[in-house]
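Inside the fold
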Amino acid sequence: MRTPHRRSGTLAAAVAAAAVITLTPQPAAAAAEHAAAAERVSPHAVLIGGNLKENDQILRSIVDLADPDGSGPARARIAIVTVAASAARTPQDAADASKNNAAANGLYYSALFERFGAETYAVPIDTAINYDGDVYTPAKAFDPEVSAAIEASTGVFFGGGDQMRYVRTLFECADAPLEAFTDCDDTPVMTAIRAVAARGVVSGVSAGLTIQQGEDMITGGESYEAWRDGATPGYLDDARALGYLPHGGFGFVDGVLIDSHFTTWGRQGRAAQLALATGHPFVLGIDETTALVLDRRSGKGTVVGEHGVSVLDLRAAQPTAEGVTGVRWSYATAGDRVTLGDAVEVQRARGSAPVKPRGADASAVADVWDSLDGEGGVYSLRDLAREVVASSARTGDGTSYESGPRFVTRLTRDEATAAWRTPAGGVSFSQLRMDIVAAP
């Protein structure tokens, strides 16, 4: 599923009436000041799973990391890239921050970050020109003034939509069937974004999260179709079919497959299938209104927000004719830490208390992958996992909503599994076994 853009209407309504699209790169002296100050900032990423909901803690994390001198006089300056959204069809739509298009999203996110004390630069790039006088154009990816304005920033934020729009506008790729690109070069704007990423903070939500991975970036798909049909390189007409881009995204967070809206929409299934198909040992999945604040130099990150960050470890997984056995799933909530590297690990937050398995047996779940045809978006497999780690029984099963074939996901708590409750009240776990098989 290419998930719809979600956001609060409060701020959008506040800025819509006065919204004006402007292109205002900083003067050269101010740009140099920002760039010099930003050299003192360690490179970070704030990886948001989707549905930001104007979460104060997540937004404050981005602005604080982009602030080049802490309590000093310099301010965070965030370049806002919203090309993943569709192009505005009219000047009125472009100027209305309550709408969902590239220009309107630029206005919305600019006002949002300015509320937290940051300067902003809305990057005027989208995928099409739909009316005379459109400021947002594909050609701006080659505009030296736009590149200079980005390079003067201390952080970059990527909005939601469809991650392939980032690929089509910020890369120049050699033609390939189904857009299964393997050979891409950076545009000048992408080169400027990399310069900021090397010394500041990159952040993104939904598609803006997914684009930050390296090779084999997911382009669409649902868990059921992924297991029924497998994975196909490219951008597919059927949004439910599992597709991926061999070249991948920007590569700011490498060594893991990345997926958004993760346990929210039961994406554990599709992510495991893609990892098996492409030979990746680890998946990093982030839930809605949740972020991993990651030091890109050390690979150490902390979870903030409402839900959790998943790590799927497929190093010992065994593909079978019916599915896969032995995937290990860890789930970290607010305050827990995640370390990326040769081994991807989850560490419990300080002050956490063990969860003792005393509860009732876990109930079977009939739509464990949160199908678009079912209730959807209700964390079914995550909730089953929490029942398993807290129950006196060691296993819990969930089935796919769809049949022909129907798939069963079995979760098993064994001697390698641990679970804990964090001081923030979240229930986290590590090394829960996950098997996916076709039902007999």
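Quick notes on the rules
- Residues numbered from 1 in each chain as written.
- Predicted model: local features only at pLDDT ≥ 70, side-chain atom pairs only at ≥ 80, totals over all residues.
- Heavy atoms only, no water.
- pLDDT = per-residue confidence, 0-100.
- Contact = heavy atoms within 4.5 Å.
- Helix = DSSP H or I, 4+ residues; strand = E, 2+ residues; numbered from the N terminus.
- Expected span 1.5 Å × (residues − 1).
- Buried < 20%, exposed > 50% of the residue type's maximum accessible area, 1.4 Å probe, protein only.
- Polar contact = N/O pair within 3.5 Å; in protein donor to acceptor, adjacent residues only side chain to side chain.
- Arc of directions from axis to C-beta.
- Axes fitted to C-alpha atoms, helices over the stretch in contact; angles between N-to-C directions.
- Parallel < 35°, antiparallel > 145°, perpendicular 65-115°, else oblique.
- Nonpolar A, V, L, I, M, F, W, Y, C, P; charged D, E, K, R; others polar.
- Salt bridge = Lys/Arg side-chain N within 4 Å of Asp/Glu carboxyl O.
- Disulfide = S-S within 2.5 Å.

Any region with low pLDDT has predicted coordinates that should not be read closely. Mean pLDDT for the chain: 92, with 91% of residues reaching 70 or above. In the model, residues 1-6 has pLDDT below 50 throughout and makes 23 contacts with residues more than four positions away in sequence or in other chains. Here residues 13-25 is modelled with pLDDT under 50, and outside its nearest four sequence neighbours on either side it reaches 22 contacts, counting other chains as well.

Here we take up helix α5 (residues 102-115). The terminal C-alpha atoms of α5 lie 20 Å apart, and with 14 residues this matches the ideal 20 Å at 1.5 Å per residue to within 8%. Where burial is concerned, most of α5 is hidden: twelve out of the 14 residues are buried. All of the buried residues along α5 are Ala102, Ala103, Ala104, Asn105, Gly106, Leu107, Tyr108, Tyr109, Ser110, Ala111, Leu112 and Phe113. For α5, the N-terminal capping position is held by asparagine 101, with its side-chain oxygen 3.2 Å away from the main-chain nitrogen of alanine 103. One or two positions beyond α5, positive phi appears at glycine 117, with a value near 90°.

A few words on helix α8 (residues 188-197). Those residues of α8 lying buried are Val189, Met190, Ala192, Ile193, Val196 and Ala197. Buried positions in α8, seen along its axis, are confined to an arc of 155° and lie on one side of it.

Once that is clear, we can look at the environment of valine 205. Along the chain, the position of valine 205 falls in strand β7 (residues 201-205). Sequence-distant contacts of valine 205, that is, excluding residues within four places in its chain, are made with Ile48, Gly50, Asn51, Leu52, Tyr109, Phe157, Phe158, Gly159 and Gly160.

What follows concerns the packing of helix α6 (residues 144-151) against α8. Remark: α6 packs on α8, axes separated minimally by 8 Å, with the N-to-C direction vectors making an angle of 10°. In terms of orientation, α6 and α8 fall into the roughly parallel class. Contacts between α6 and α8 involve Val146, Ser147, Ile150 and Glu151 on the former and, on the latter, Pro188, Val189, Ala192, Ile193, Ala195 and Val196. Of the residues that constitute the contact of α6 with α8, the class distribution is eight nonpolar, one polar and one charged.

What follows deals with the pattern of salt bridges. Across all of its chains, the model carries 17 salt bridges by this definition. With a shortest N-O distance of 3.2 Å, lysine 53 and glutamate 306 are connected by a salt bridge. Of this pair, lysine 53 sits in the loop between β1 (44-48) and α3 (56-66) while glutamate 306 sits in the loop between β14 (300-305) and β15 (308-313), and the two are 253 residues apart along the sequence. Taking the shortest distance from any N to any O, the salt bridge between arginine 270 and aspartate 259 comes out at 2.6 Å. Of this pair, arginine 270 sits in helix α11 (residues 268-278) while aspartate 259 sits in strand β11 (residues 257-259); the two residues are eleven residues apart in sequence, bridging distant segments of the chain. Take aspartate 259: its relative accessible area is 2%, and that puts it in the buried class. The structure contains a network of salt bridges with shared partners spanning Glu54, Asp56 and Arg115.

Per the counting criterion, the structure on display carries one disulfide. Each disulfide pairs two cysteine sulfurs, and for cysteine 173 the partner residue is cysteine 184, the sulfurs being separated by 2.0 Å. Residues cysteine 173 and cysteine 184 share a disulfide whose torsion about the S-S bond is about 105°; that sign makes it right-handed. On the criterion of sequence distance, the pair formed by cysteine 173 in strand β5 (residues 171-173) and cysteine 184 in strand β6 (residues 184-186) is long-range, its members being eleven residues apart. Residue classification places cysteine 173 among the partly exposed positions, given a relative accessible area of 21%. Assessed through its relative accessible area of 13%, cysteine 184 is described here as buried.

Moving on to unusual backbone geometry. Note that the residue after glycine 404, namely proline 405, is joined by a cis bond; omega there is 0°. You can see proline 405 is positioned in the loop between β21 (395-399) and β22 (407-412). Phi is positive for serine 206, which is not a glycine, with a value near 60°. Despite not being glycine, aspartate 370 shows a phi value in the positive range, around 50°. Topologically, aspartate 370 is positioned in the loop between β20 (353-354) and α12 (380-390). Overall, aspartate 370 belongs to the buried group, its relative accessible area being 0%.

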